[in-house]
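# Residue-level structural notes
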Amino acid sequence: MDISHINWLAVVVAGISAFLVGGIWYSPLLFANPWMADNKFTTDEVKASNKARIFGFSAIFSIIMAVNLGMFLADAKTDVSWGATAGSLAGVWTFCAIAIQGLFELKSWRLIFINGGYSLVSLTLMGTIIGWWR
């Protein structure tokens, strides 16, 4: 790994992209209702949650994920194809971790696929951005 090959602006944008994908993924446009139902959350509980803590830490963790992926892609040969591939492979890895935790927590397959799918999509997008923006 040669950190001189890391485009730090691309890494930050990739991290922000995952945060934005999460905003769409867990919105009523896509999976908010089944996600809330399978977690047994009410709308009032979600509205009453500490948004600053949730969104603040989500943004920080998204940036950390992008930095980690950026370090794996810190090679002069990295291009958009390899970036997307590495991102999707990281997504499969985290999908499996989410699935294992979900199984032990007795979560539904639907919830496992919602949460794991977010991870797969967001990491693939992060890798694509980092690989493309060299």
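See the structure above.
Scoring rules and cut-offs
Residues numbered from 1 in each chain as written. Predicted model: local features only at pLDDT ≥ 70, side-chain atom pairs only at ≥ 80, totals over all residues. Heavy atoms only, no water. Helix = DSSP H or I, 4+ residues; strand = E, 2+ residues; numbered from the N terminus. Expected span 1.5 Å × (residues − 1). Buried < 20%, exposed > 50% of the residue type's maximum accessible area, 1.4 Å probe, protein only. Contact = heavy atoms within 4.5 Å. Phe/Tyr/Trp six-rings, centres within 6.5 Å; stacked < 30°, edge-to-face > 60°. Salt bridge = Lys/Arg side-chain N within 4 Å of Asp/Glu carboxyl O. Axes fitted to C-alpha atoms, helices over the stretch in contact; angles between N-to-C directions. Parallel < 35°, antiparallel > 145°, perpendicular 65-115°, else oblique. Left-handed = near helix turned anticlockwise from the far one by under 90°. Nonpolar A, V, L, I, M, F, W, Y, C, P; charged D, E, K, R; others polar. Polar contact = N/O pair within 3.5 Å; in protein donor to acceptor, adjacent residues only side chain to side chain. Arc of directions from axis to C-beta.

### What about helix H5 (residues 80-104)?
Along its 25 residues, H5 runs 36 Å from first to last C-alpha, staying within 8% of the 36 Å computed at 1.5 Å per residue. What H5 keeps buried is the set Gly83, Ala86, Gly87, Ala90, Gly91, Phe95, Ala99 and Gly102. If you follow the buried residues of H5, they end up packed against helix H4 (51-72) and helix H6 (109-132).

### Considerations on the packing of aromatic side chains
The full count for this structure, using the stated rule, is eight aromatic pairs. For the ring pair Trp25 and Phe31, a centre distance of 4.8 Å and an interplane angle of 50° mean the geometry is tilted. We classify Trp25 as buried; its relative accessible area is 13%. Between Tyr26 and Trp35, the ring centres sit 5.6 Å apart and the planes meet at 70°, which makes this aromatic pair edge-to-face.

### Observations concerning the pattern of salt bridges
With the rule as written, the count across this model stands at one salt bridge. Taking the shortest distance from any N to any O, the salt bridge between Arg110 and Asp38 comes out at 2.5 Å. Here the residue Arg110 occupies a position in helix H6, and Asp38 occupies one in helix H2 (residues 32-39), the gap between them amounting to 72 residues. Arg110 gets classed as partly exposed once you look at its relative accessible area, which sits at 44%. Residue Asp38 is classed as buried on the basis of its relative accessible area of 19%.

### What to know about the packing of helix H1 (residues 8-25) against H4
Contact geometry for H1 and H4: axes closest at 8 Å, N-to-C directions at 135°. Compared by their axis directions, H1 and H4 come out oblique. In this structure, the crossing between H1 and H4 has a hand that is right-handed. Counted together, Trp8, Val11, Val12, Ala14, Gly15, Ile16, Ala18 and Phe19 of H1 and Phe55, Ser58, Ala59, Ser62, Ile63, Ala66, Val67, Gly70 and Met71 of H4 form the full contact between these two elements. Of the residues contributing to the contact of H1 with H4, the split by class is 13 nonpolar, four polar and no charged.

### Topic: the side chain of Ser27
Relative to the helices and strands, Ser27 resides in the loop between H1 and H2. Accessibility expressed as a relative area gives 12% for Ser27, which makes it buried. In terms of polar contacts, Ser27 uses its side chain to reach the backbone carbonyl oxygen of Ile24, at 2.7 Å.

### Observations concerning H1
Every α-helix carries 3.6 residues per turn, so stepping three or four residues along brings you back to the same face. In this model, H1 (18 residues) spans 25 Å end to end at C-alpha, consistent with the 26 Å of a helix rising 1.5 Å per residue. Three or more residues of H1 are buried, namely Ala10, Val11, Ala14, Gly15, Ser17, Ala18, Val21, Gly22 and Trp25. When H1 is viewed along its axis, its buried side chains cluster within an angular range of 150° and face the same direction. For H1, exposure combined with an orientation more than 90 degrees from the buried face picks out Leu9 and Leu20. Where H1 is buried, its residues contact H2, H4 and H6.

Read these as spatial facts, not as claims about activity.
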